[in-house]
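Here is how the chains run, residue by residue.
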Amino acid sequence: MEILNGILIFFAGLWAGTINSVVGSGTLVTFPVLIALGYAPVTATISNAMGLVAGNMTGAWGYRHELRGRGRQLLRLLPASLIGGITGAWLLLHLPEKVFYYAAPILIVVALLMVLFQPKLQRWVQDRAGNPEHAIHDKRHTVILVVLVYLAGVYGGYFVAAQGILLVGILGVFMTGTIQNANAMKNILVLAVNVVAACSYLLFAFGRIEWPVVAVIAVSSLIGGLVGSKVGRRLKPLALRIVIFALGIVALGFMIANLLK
């Protein structure tokens with residue numbers, strides 16, 4: 001790896017780790033940089049995803065205070081994400097890539113609408129549960145939440161980019177608490193899915209991993225994850241929703257551009 005290329009990848013990883021911690025879609029920063037530097041798409045995807053796991057870890061750690069008292073919730077949702085990630089990784093090996101390229105923009109639009117109207121949708125869900133203080137314990141909404149988290153895990157295991165936006169939309173509506181609590185839970189679930197994806201690459205695509213790229217992105221995203229968690233936790237709910245929506249629009253534009261190629 002040339003020094004200039006390494007510097008470019010480092011700063012891309014730093015920015016990706018930062019925005020992954022705040023909302024997600026960091027892949028939309030690092031992946032185009034790797035492609036522009038001449039790495040093959042599959043190699044870029046795999047190496048990038050493995051490197052960003054370090055940033056996912058520090059982002060999740062940085063948001064640990066927002067997870068206090070939510071251990072049971074996490075234990076309920078984590079298996080759904082893990083199984084979803086395994087399913088997505090399996091689909092990646094068996095389905096044409098175009099399937100999710102067409103589905104991804106639709107999913108992101110739905111997620112952005114959920115983020116945008118999260119307060120109203122959350123109140124509606126809680127009212128239907130009949131107990132605004134404990135809506136998550138309503139069996140129907142718990143089942144819906146687990147199924148949606150599983151489907152988000154499938155999406156993340158197959159198509160890594162912007163899964164955080166999708167999860168924040170789901171959790172913000174169906175989970176009690178603030179959007180910051182939803183973001184903290186999102187970081188843990190995304191980490192779980194990405195670890196599953198990384199393990200599948202090690203087992204089935206070891207020869208396609210570009211280890212210098214993985215190392216540079218791992219170090220830079222690790223730092224970015226800490227920075228992003230500090231910044232994101234200080235954002236007010238409205239400001240965080242605006243940031244998520246703006247990055248989601250960028251992600252949507254990137255996906256549509258890929259379809260039009």
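Note that the structure is predicted; figures quoted are calculated from it, not measured. (Residues numbered from 1 in each chain as written. Predicted model: local features only at pLDDT ≥ 70, side-chain atom pairs only at ≥ 80, totals over all residues. Heavy atoms only, no water.)

Novice: Quick question: what am I supposed to make of the environment of Lys 186 here?
Specialist: Looking at the element boundaries, Lys 186 is found in helix H9 (residues 179-204). Taking the C-alpha atoms as reference, Lys 186 lies 6.2 Å from Val 168; in sequence the two are 18 residues apart. With near-sequence residues (within four places) excluded, Lys 186 lies in contact with Asn 20, Ser 21, Val 22, Val 23, Gly 24, Gly 164, Leu 167, Val 168 and Leu 171. Among the polar contacts listed, one links the side chain of Lys 186 to the side chain of Asn 187, at a separation of 2.8 Å. (Helix = DSSP H or I, 4+ residues; strand = E, 2+ residues; numbered from the N terminus. Contact = heavy atoms within 4.5 Å. Polar contact = N/O pair within 3.5 Å; in protein donor to acceptor, adjacent residues only side chain to side chain.)

Novice: Which parts of the structure should I look at to understand the confidence of the model for the protein?
Specialist: Interpretation of this model should avoid reading the predicted coordinates in detail wherever pLDDT is low. For the protein, the mean per-residue pLDDT works out to 81, and 86% of the residues sit at or above 70. At the level of individual helices and strands, the protein shows its lowest average pLDDT in helix H6 (residues 118-129), which scores 63, and its highest in helix H10 (residues 211-234), which scores 90. (pLDDT = per-residue confidence, 0-100.)

Novice: Teacher, can you tell me more about the packing of aromatic side chains here?
Specialist: What characterises a pair of aromatic rings is the spacing of the ring centres plus the angle enclosed by the ring planes. By the definition in use, this model includes two aromatic pairs. Ring plane angle 90° and centroid distance 5.7 Å describe the contact between Phe 10 and Phe 11, whose orientation is recorded as edge-to-face. By relative accessible area, which is 28% here, Phe 10 ends up partly exposed. Taking 5.8 Å as the distance between ring centres and 55° as the angle between the ring planes, the aromatic pair formed by Phe 206 and Trp 211 counts as tilted. The class of Phe 206 is partly exposed, set by a relative accessible area of 49%. The lysine or arginine in question, Arg 64, covers the ring of Trp 61, its NZ or CZ lying 4.0 Å from the ring centre. (Phe/Tyr/Trp six-rings, centres within 6.5 Å; stacked < 30°, edge-to-face > 60°. Buried < 20%, exposed > 50% of the residue type's maximum accessible area, 1.4 Å probe, protein only. Lys NZ or Arg CZ within 6 Å of the ring centre and 35° of its normal.)

Novice: Help me out: how do you make sense of the side chain of Ser 220 in this one?
Specialist: Of note, Ser 220 is situated in helix H10. Accessibility expressed as a relative area gives 0% for Ser 220, which makes it buried. Ignoring anything within four residues of it in the chain, the contact list for Ser 220 reads Ile 9, Phe 10, Gly 13 and Leu 14.

Novice: Got a minute to help me understand the packing of helix H1 (residues 3-22) against H10 in this structure?
Specialist: To characterise two packed helices, one gives the angle between the axes of the helices and the distance between these axes. Two elements in contact, H1 and H10, have axes whose closest approach is 6 Å; the angle formed by their N-to-C orientations is 35°. When you trace H1 past H10, the crossing you get is right-handed. Its residues assigned to classes, the contact of H1 with H10 comprises 10 nonpolar, 12 polar and no charged. (Axes fitted to C-alpha atoms, helices over the stretch in contact; angles between N-to-C directions. Left-handed = near helix turned anticlockwise from the far one by under 90°. Nonpolar A, V, L, I, M, F, W, Y, C, P; charged D, E, K, R; others polar.)

Novice: I would appreciate a short explanation of a nonpolar patch on the surface in the present structure.
Specialist: There is a patch of nonpolar side chains on the surface, built from Trp 61, Val 219, Leu 222, Ile 223, Leu 226, Val 227 and Val 231 and spanning about 600 Å² of accessible area. Sort the elements by how many residues they give to the nonpolar patch and H10 lands first, with six residues. Position of Val 219 relative to the elements: it lies in helix H10. The class of Val 219 is partly exposed, set by a relative accessible area of 49%. (Patch = residues over 30% accessible without salt bridge, like charges linked within 9 Å, V, L, I, M, F, W, Y side chains within 5 Å. Areas by Shrake-Rupley, 256 points an atom, 1.4 Å probe, with all protein chains shown as cover. Salt bridge = Lys/Arg side-chain N within 4 Å of Asp/Glu carboxyl O.)

Novice: Looking at this structure, how should I read the side chain of Asn 187?
Specialist: The residue Asn 187 is located in helix H9 in this model. For Asn 187, a relative accessible area of 5% puts it in the buried group.

Novice: Would you mind showing me how to read a positive patch on the surface here?
Specialist: A surface patch of like charges, here positive, comprises Arg 64, Arg 68, Lys 230 and Arg 234. Mapped onto the fold, Lys 230 is located in helix H10. Residue Lys 230 is classed as exposed on the basis of its relative accessible area, which comes to 54%. (Lys, Arg positive; Asp, Glu negative; His and termini not counted. Charge placed at Lys NZ, Arg CZ, Asp CG, Glu CD.)

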